[in-house]
Structures are given as structure tokens and as C-alpha cells.
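So the chains spell out like this:
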Amino acid sequence: MALNLRLKQTECIIRMLNLNQAVNSAAGTANEEVYKILIYDRFCQDILSPLIHVKDLRKHGVTLYFLLDKDRNPVHDVPAVYFLRPTPSNVQRVISDASRALYDSFHLNFSSSIPRPLLEDLATGTITADSIQRISKVHDQYLEFVTLEDNLFSLAYKNCYVELNDPSAGDKEIEAIIEKIVGGLFCVLATLAVVPIIRCPRGGPAEMVASLLDQRLRDHLLAKNNLFTEGGNFTSSFQRPVLCLFDRNFELSVAIQHDFRYKPLVHDVLGLRLNRLNVKGEKGVMKSYELDRLDPFWSANGSLEFPEVAVEIETQLSKYKRDVEEVNRRTGGDAGAEFDGTDLVGNTKHLMNAVNSLPELTERKQVIDKHTNIATALLGEIKERSLDSYAKKESDMMVRGTIDRNELLGVLKGKGSKMDKLRFAIMYLISTETIPTSEIEVVEAALRESDVDTSAFQYVKKIKALNVSLASANSASRSNIVDWAEKLYGQSISAVTAGVKNLLSSDHQLALTRTVDALMEGKPNPEIESYLVFDPRAPKSTSGSSSSHLKGPFKEAIVFMIGGGNYVEYGSLQELAHGQQPVKHVIYGTTEILTGDEFGEQLALLGKKMGLGSSNIAPVH
């Protein structure tokens with residue numbers, strides 16, 4: 001049985017909604033039906049949103065649901081299920097609710113482990129208010145992550161890339177960020193009930209996260225009844241997965257490039273969030289759509305290029321029309337024919353079949369209409385901004401490592417939003433190994449001409465120059481540069497530019513995908529020779545060592561990108577997994593899922609923090 005994060009997290013949430021009682025697998029609900037109220041904070045609302053719909057809440061006895069910070073009236077004789085992050089303000093609100101006797105009993109569920117001081121505050125507060133008897137149970141749920149698909153999750157940690165790369169960030173701040181990421185990853189592993197073998201490149205946030213996560217898992221495994229002995233023992237008896245950790249700087253280009261496949265395009269251009277999308281329909285009315293596993297078209301065609309998707313919509317529409325005609329023909333009889341009653345049984349049968357096929361036809365039509373509207377909205381943006389041209393030229397640039405100057409300036413002075421042009425200029429900077437200063441000045445002038453804030457461009461240029469000096473420095477002076485770089489960026493710097501090593505290979509496979517492939521193979525490979533290994537179940541002496549004792553190949557991997565990920569990487573890893581024989585299984589996660597524009601804004605913010613760029617120009621839109 002393959003690891004399925006969405007299924008596992010949904011099971012945990014359903015158990016929580018049933019007051020943490022065992023759920024009857026046949027009925028999918030607890031044996032004893034209890035009507036209850038659900039209270040959650042905004043973060044936990046985002047956890048629930050992609051997994052549980054209103055009808056699911058009803059099925060599990062939830063009759064009312066509220067945000068924690070809303071004013072609520074007392075509801076007597078009903079238990080309340082709270083699902084919250086363990087923060088001081090949330091704990092104070094629970095104490096206040098209990099002291100006002102809003103509900104009969106309180107079942108408190110924290111999204112991650114509640115720290116001891118907060119638990120003591122909760123006890124003290126409820127005792128003082130003489131309401132401790134209302135607190136039925138307190139549970140640590142280890143669910144502090146957002147699962148969007150079976151193999152896709154996010155820690156919903158905003159601006160993580162900026163915080164990690166902020167030149168003013170001190171050791172304490174960096175440690176707090178790493179701690180937060182490790183907390184989220186620990187929740188994911190606890191939900192899956194697996195202890196993976198951890199791999200990461202040397203230096204930078206990836207190694208810091210790997211080292212702390214290794215320590216956290218070791219400490220936890222010392223307890224006899226730990227989270228990894230209770231659940232899913234099936235994986236520990238067979239083979240464990242490999243957890244591959246990367247830092248966004250490993251392959252910066254993927255975070256800002258324009259992509260022309262359906263899922264990345266819908267996310268980047270229309271702003272898909274938590275599997276929901278708002279699109280202008282006919283007559284300018286906004287329509288809200290869900291895009292998840294229940295949408296067969298989205299699941300089947302998400303990785304296709306946009307023109308192929310348009311053709312597929314047309315094909316499905318034609319098939320739908322043929323099926324409707326077939327139903328009409330069968331139930332309507334031949335036009336003008338006399339009805340003599342001899343084929344009454346046959347006609348009745350056709351009528352029954354037609355009635356039975358109506359719901360399925362209606363559903364198909366809804367899906368076709370939905371994707372027609374989405375495709376129409378996308379087409380409008382593509383034409384207005386020449387997005388097809390951006391995607392093609394960026395891809396060519398990455399493969400060839402260069403672009404004709406007139407072509408480059410043509411794009412920067414042509415169609416597209418300010419952010420499109422900025423992203424294209426950064427792609428040029430990343431994909432071209434050596435660029436004369438005069439060329440860079442021409443690009444900057446073209447950006448300024450279009451009123452584009454160049455802070456992000458300047459920031460990437462600065463890092464690229466720093467990498468070149470790192471690479472060319474001899475070993476004696478290298479340590480000084482590294483020290484200086486660590487002071488400047490608050491972390492050691494891995495290869496930021498795509499450069500030669502991270503250029504797209506001939507089959508357009510991302511460097512991340514190639515590396516994950518090599519790590520799953522587990523064979524000696526120069527690309528991953530320097531990668532560290534942490535095995536929380538092995539003796540401490542081996543942790544952080546090189547890969548000598550690895551037992552490959554791995555059937556399952558969890559790939560985690562620190563500093564923001566996207567649907568391009570997710571799609572590439574799924575292609576890798578499904579293209580193997582036998583089929584492998586890859587779960588992709590990131591600190592937050594970002595569009596190219598959002599990541600460009602984070603780069604711009606870092607540029608400004610370093611005093612780079614054109615401060616007299618309005619921010620990028």
C-alpha cells in the first residue's frame with residue numbers, strides 16, 4: 001500500500017470530528033452519533049478546507065461551525081470540538097469560552113503538540129474561572145500542514161524564503177524558522193507513521209532542517225509508545241521511504257519561470273488557492289470552482305500543455321453531445337412512426353436507462369462548462385500578455401544557455417505585465433552563465449523603461465556574482481568568502497544560479513527531478529556523492545555521514561522544498577514517479593506554494609533589504 005497523505009490526514013480529521021472515537025470503517029462514522037459544534041482558527045480552517053466539505057461535516061454530526069475569533073452565543077447540551085494552533089491567544093480564548101459556559105463540554109484538539117507552559121496556562125485559567133470540569137479532553141493531533149492532493153502538501157509558512165535569506169537575520173531568528181519547518185515536517189511524518197532515511201545537500205537550510213529533524217525523531221523514538229509504533233506498521237516492516245530535503249536556491253529558475261502546462265498555468269495566472277479558483281464567467285459574474293481529485297478532467301489533464309487541454313475540452317464536448325443525441329434517439333422513437341404498443345417493454349427499458357444516465361450526463365456537462373470557462377479566462381490572459389511566447393523563450397534560453405539580444409529586448413519592450421518582464425529578465429540572468437556588464441545594463445535600462453522595480457533583478461545579480469567569486473576562489477581564501485557570505489545572508493549559500501550543473505538536461509528534466517531520481521536509485525552517482533544521510537533509527541555515530549551504507553533503490557520518496565515550491569516541480573516529480581517500472585511513489589511538499597509573481601515579490605523584498613534596486617519606482621504589480 002503506497003503512502004497517501006490526503007487519505008491519512010482525512011482519517012485523522014474524521015476521528016477528531018467523532019470526539020476521537022474509533023470510526024466504523026463500513027459506515028465511515030463513529031458507532032454512536034453525537035451532534036456537536038466545530039470551532040477552528042483561520043489556519044486550521046485552511047487545513048480542513050481542501051479535505052472536508054460541508055456535507056462531510058453533517059455526516060459526522062457537526063451541525064454548526066464557527067471561527068474562534070467570531071462572537072458566539074451559548075449552545076447548551078452540545079459538545080464542542082475545537083481545532084486550533086497551540087498559541088497563547090488561542091488558549092486565552094478557550095479559557096474565556098469555558099468561563100462563559102458557552103458549551104457543555106470542550107474537546108480540545110491542537111494542530112501540533114501543545115508546549116508545556118501553554119498547557120499549564122490552560123489549566124490555571126480554567127481552574128481560576130472554575131470551569132475546568134468543562135474541558136473533556138486535550139489532544140495533540142500533529143496535523144499542522146495543508147494537503148492539497150494525494151501527494152502534495154504545504155506547511156503554509158508565508159515568506160519563508162525572505163526570512164531565511166534576510167541579511168539582517170541573526171542565528172536566533174534562523175533557528176526559530178528551522179524549528180518551525182521541522183515541526184511541520186514532524187507532523188507530516190507522524191500522520192504517515194513513517195520514519196524515513198533523510199538525504200540533503202551539505203550546508204544551508206536543508207542540512208539544518210535535516211539535522212534537527214533527525215534529532216527530533218531520535219528523541220521521540222526513545223519513548224515506548226511513540227507515534228511511529230501505533231499507526232501504519234506496514235511500512236516499517238517493509239522498506240522505509242527516503243526524505244529528500246532541498247533549499248529553494250538549489251534551483252531558483254523553476255520558482256519564477258513561465259510554464260505552459262494546465263495546472264501550473266491555472267495556479268500562476270488565475271491564482272488557484274486551497275484547490276479553489278474564482279473566474280469571471282458570462283456577463284462578468286464571478287464563479288467559484290473547486291479543482292481537486294473529484295474533478296476527473298483536472299486529474300487527467302493537469303499535466304498537459306494548454307493547447308492540448310483546449311482540444312481535450314472540445315473532444316469531451318463532442319462526446320457529450322453524441323451521448324445526449326443517443327439518449328434522445330432511444331427514448332423518442334422514430335420520428336413520425338406509429339406507436340402500436342408491441343415494443344412497450346423495449347421502450348420502457350430504454351426510458352429507464354435514459355433516466356439512470358441523466359445524473360452522469362449532467363455531471364459531465366458541469367465539468368465541461370467549468371473547464372471551458374477556465375480555459376477562456378486563461379486564453380484571455382495568454383493573448384493579452386503573450387504568455388506562450390514567455391514560456392517558449394524561457395525554455396529555449398535554459399536549454400541553449402543564451403538568447404539573441406534583439407529577441408531579449410523585444411520581449412522586455414513587448415506585451416506582458418511588469419512582473420512578467422521582471423521574471424523574464426531574471427531567467428536570462430540565471431540561464432546565461434557569463435553576461436558582460438554592458439548587456440546587464442541594457443536589460444536594466446529596458447526594465448526601467450517599462451517602469452519595473454529592479455530590486456529582485458539586482459538581488460539575483462548580486463547572488464550570482466557572489467557564487468562566481470565562491471567558485472573561482474582557491475581553497476585558502478574560500479573560507480573567508482564563505483564566512484562573509486554567511487554573515488551577509490544568515491546561511492551558507494548553495495548554488496543559486498542554474499549554471500551549468502542545474503541547466504535543464506536534453507529531456508527538459510528539472511535538476512530537482514534528476515537529483516531525486518538519483519537519490520531514489522541509491523547507487524553511487526557523482527551528482528549526489530556529497531549528499532548527507534541521516535537515519536534516525538541508526539546509531540547516532542552514523543548520522544550526517546556520506547551515503548556508503550544506503551540500501552537502494554527506494555520505492556517511495558518525500559521531497560520537500562524549503563523556501564517555496566510550485567506545481568511545475570510537483571508535476572515533474574509525478575511524471576518521474578509514473579514513468580518508472582515498476583511505478584514509484586513521490587510525495588512533494590514545500591513551506592508554501594508560490595506563483596512566479598509571488599516569488600518575484602519575495603526576491604524584490606530581499607533586494608530592498610540589501611539596499612538594491614530602484615526605490616523611486618512603484619512596487620511591481
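Everything here concerns the structure above.
Residues numbered from 1 in each chain as written. Predicted model: local features only at pLDDT ≥ 70, side-chain atom pairs only at ≥ 80, totals over all residues. Heavy atoms only, no water.

Section: the overall build of the protein chain
Logical step 1: Within the protein chain one finds 24 helices and 16 strands.
Logical step 2: Taking the intrachain contacts of the protein chain between residues at least 6 apart in sequence as the baseline, contacts between residues at least 24 apart amount to 80%.
Logical step 3: Here the protein chain displays about 28,700 Å² of accessible surface, and carbon together with sulfur accounts for 53% of that area. (Helix = DSSP H or I, 4+ residues; strand = E, 2+ residues; numbered from the N terminus. Contact = heavy atoms within 4.5 Å. Areas by Shrake-Rupley, 256 points an atom, 1.4 Å probe, with all protein chains shown as cover.)

Comments concerning the side chain of Asp292
Logical step 1: Looking at where Asp292 falls in the secondary structure, it is placed in the loop between strand E13 (286–290) and helix H13 (296–301).
Logical step 2: The side chain of Asp292 is buried and forms no salt bridge, while Lys370, the nearest opposite charge, is found at 6.2 Å.
Logical step 3: The contact partners of Asp292, leaving out residues within four places of it in the chain, are His53, Asn275, Trp298 and Ser299. (Buried < 20%, exposed > 50% of the residue type's maximum accessible area, 1.4 Å probe, protein only. Lys, Arg positive; Asp, Glu negative; His and termini not counted. Salt bridge = Lys/Arg side-chain N within 4 Å of Asp/Glu carboxyl O.)

Details of the sheet that holds strand E5 (residues 79–84)
Logical step 1: On the basis of which strands lie adjacent, the open sheet formed by five strands has the order E4-E3-E5-E6-E7 and parallel pairing. Of all the strands in the sheet, just strand E4 (62–67) and strand E7 (135–140) have a single pairing partner and so form its edges. Neighbour to neighbour, the strand axes of the sheet diverge by 15° on average, direction disregarded.
Logical step 2: Pairing of E5 with strand E6 (residues 105–110) involves six bridges; the strand directions are parallel. When the sheet's bridge partners are listed, Phe83 is paired in E6 with Asn109.
Logical step 3: Packed onto the sheet, helix H1 (residues 5–17) meets strand E3 (36–40), E4, E5 and E6 and runs at close to 145° relative to E5.
Logical step 4: Helix H4 (residues 88–99) contacts E5, E6 and E7 of the sheet and is inclined by roughly 170° relative to E6. (Pairing = 2+ DSSP bridges. Axes fitted to C-alpha atoms, helices over the stretch in contact; angles between N-to-C directions.)

Topic: the pairing of E13
Logical step 1: Of the pairings in the sheet, the one linking strand E12 (residues 276–280) to E13 comprises five bridges and is antiparallel in character. Bridge pairing in E13 links Val279 to Lys287.
Logical step 2: Taking the residues between adjacent antiparallel strands as the criterion, E12 and E13 are bridged by five residues, where Lys283 takes a positive phi near 60°.

Here's the deal with unusual backbone geometry
A negative phi holds for most residues other than glycine; trans holds for most peptide bonds.
Logical step 1: In the segment running from Gln581 into Pro582, the intervening peptide bond is cis, with an omega of -10°.
Logical step 2: Tracing the backbone shows Pro582 in the loop between helix H23 (567–578) and strand E16 (585–590).
Logical step 3: With a phi close to 60°, Ala193 is a non-glycine residue in the positive phi region.
Logical step 4: Counting through the fold element by element, Ala193 comes out in the loop between helix H7 (171–192) and strand E10 (197–200).
Logical step 5: Accessibility expressed as a relative area gives 8% for Ala193, which makes it buried.

Regarding helix H12 (residues 262–270)
Logical step 1: In terms of residue burial, H12 counts as a mostly covered element, since nine of its nine residues are buried.
Logical step 2: Listed as buried for H12 are Tyr262, Lys263, Pro264, Leu265, Val266, His267, Asp268, Val269 and Leu270.
Logical step 3: Positive phi appears at Gly271, one or two residues downstream of H12, with a value of about 75°.

Let's talk about helix H18 (residues 418–431)
Logical step 1: The terminal C-alpha atoms of H18 lie 20 Å apart, and with 14 residues this matches the ideal 20 Å at 1.5 Å per residue to within 8%.
Logical step 2: Among the 14 residues that make up H18, 13 are buried, leaving the element largely enclosed by the rest of the structure. (Expected span 1.5 Å × (residues − 1).)

So, the sheet that holds E10
Logical step 1: The mixed open sheet is built from seven strands, whose spatial order is E8-E9-E16-E15-E11-E10-E14. Pairing within the sheet leaves two strands with one partner each, and these edge strands are strand E8 (146–149) and strand E14 (532–534). Recorded for the sheet is a direction-independent mean angle of 20° between the axes of neighbouring strands.
Logical step 2: Where strand E11 (residues 242–247) meets strand E15 (residues 556–562), six bridges bridge the pair, whose relative direction is parallel. Pairing of Asp247 across the sheet is with Ile562, part of E15.

A few points about the packing of H1 against H7
Logical step 1: Where H1 meets H7, the axes come as close as 9 Å, and the angle between the chain directions of the two elements is 85°. As summarised for this structure, H1 and H7 are arranged roughly perpendicular, according to the angle between their axes. Side by side, H1 and H7 meet where Leu5, Lys8, Gln9 and Cys12 of the first sit next to Val188, Thr191 and Leu192 of the second.
Logical step 2: Its residues placed into classes, the contact of H1 with H7 shows four nonpolar, two polar and one charged. (Parallel < 35°, antiparallel > 145°, perpendicular 65-115°, else oblique. Nonpolar A, V, L, I, M, F, W, Y, C, P; charged D, E, K, R; others polar.)

Regarding the nonpolar core
Logical step 1: Membership of the largest hydrophobic core comes to 78 residues, with the highest contact counts inside it found for Ile13, Phe246, Tyr262, Val266, Ile374, Leu378 and Leu512.
Logical step 2: Ranked by residues supplied to this core, first place goes to helix H15 (residues 344–385) with eight residues.
Logical step 3: Filtering out sequence-adjacent residues up to four positions away, Ile13 remains in contact with Ile47, Leu48, Leu51, Ile52 and Leu143.
Logical step 4: Counting residues in each nonpolar core, the second largest holds 41 residues, with Ile177, Phe186, Ile198 and Ile558 among its members. (Core = buried A, V, L, I, M, F, W, Y, C linked by side-chain atoms within 4.5 Å.)

What to know about the packing of H12 against H23
Logical step 1: In the contact formed by H12 and H23, the axes pass within 9 Å of each other and the chain directions differ by 165°. In terms of axis orientation, H12 runs roughly antiparallel to H23. In terms of crossing hand, the pair formed by H12 and H23 is right-handed. Of the residues in H23, those in contact with Lys263, Pro264 and His267 of H12 are Tyr567, Val568 and Tyr570.
Logical step 2: Here the residues of the contact of H12 with H23 are counted per class, giving four nonpolar, one polar and one charged. (Left-handed = near helix turned anticlockwise from the far one by under 90°.)

Things to note about the pattern of salt bridges
Pairing of side chains with opposite charge becomes possible as their charged atoms draw close.
Logical step 1: Summed over the entire model, instances satisfying the criterion amount to 32 salt bridges.
Logical step 2: Across the salt bridge formed by Lys319 and Asp323, the nearest N and O atoms sit 3.5 Å from each other. Of this pair, Lys319 and Asp323 both sit in helix H14 (residues 306–332), four residues apart, which is roughly one turn of the helix.
Logical step 3: The structure contains a network of salt bridges with shared partners spanning Lys319, Asp323, Glu360 and Arg364.

No statement about biological role is implied by the geometric values presented.
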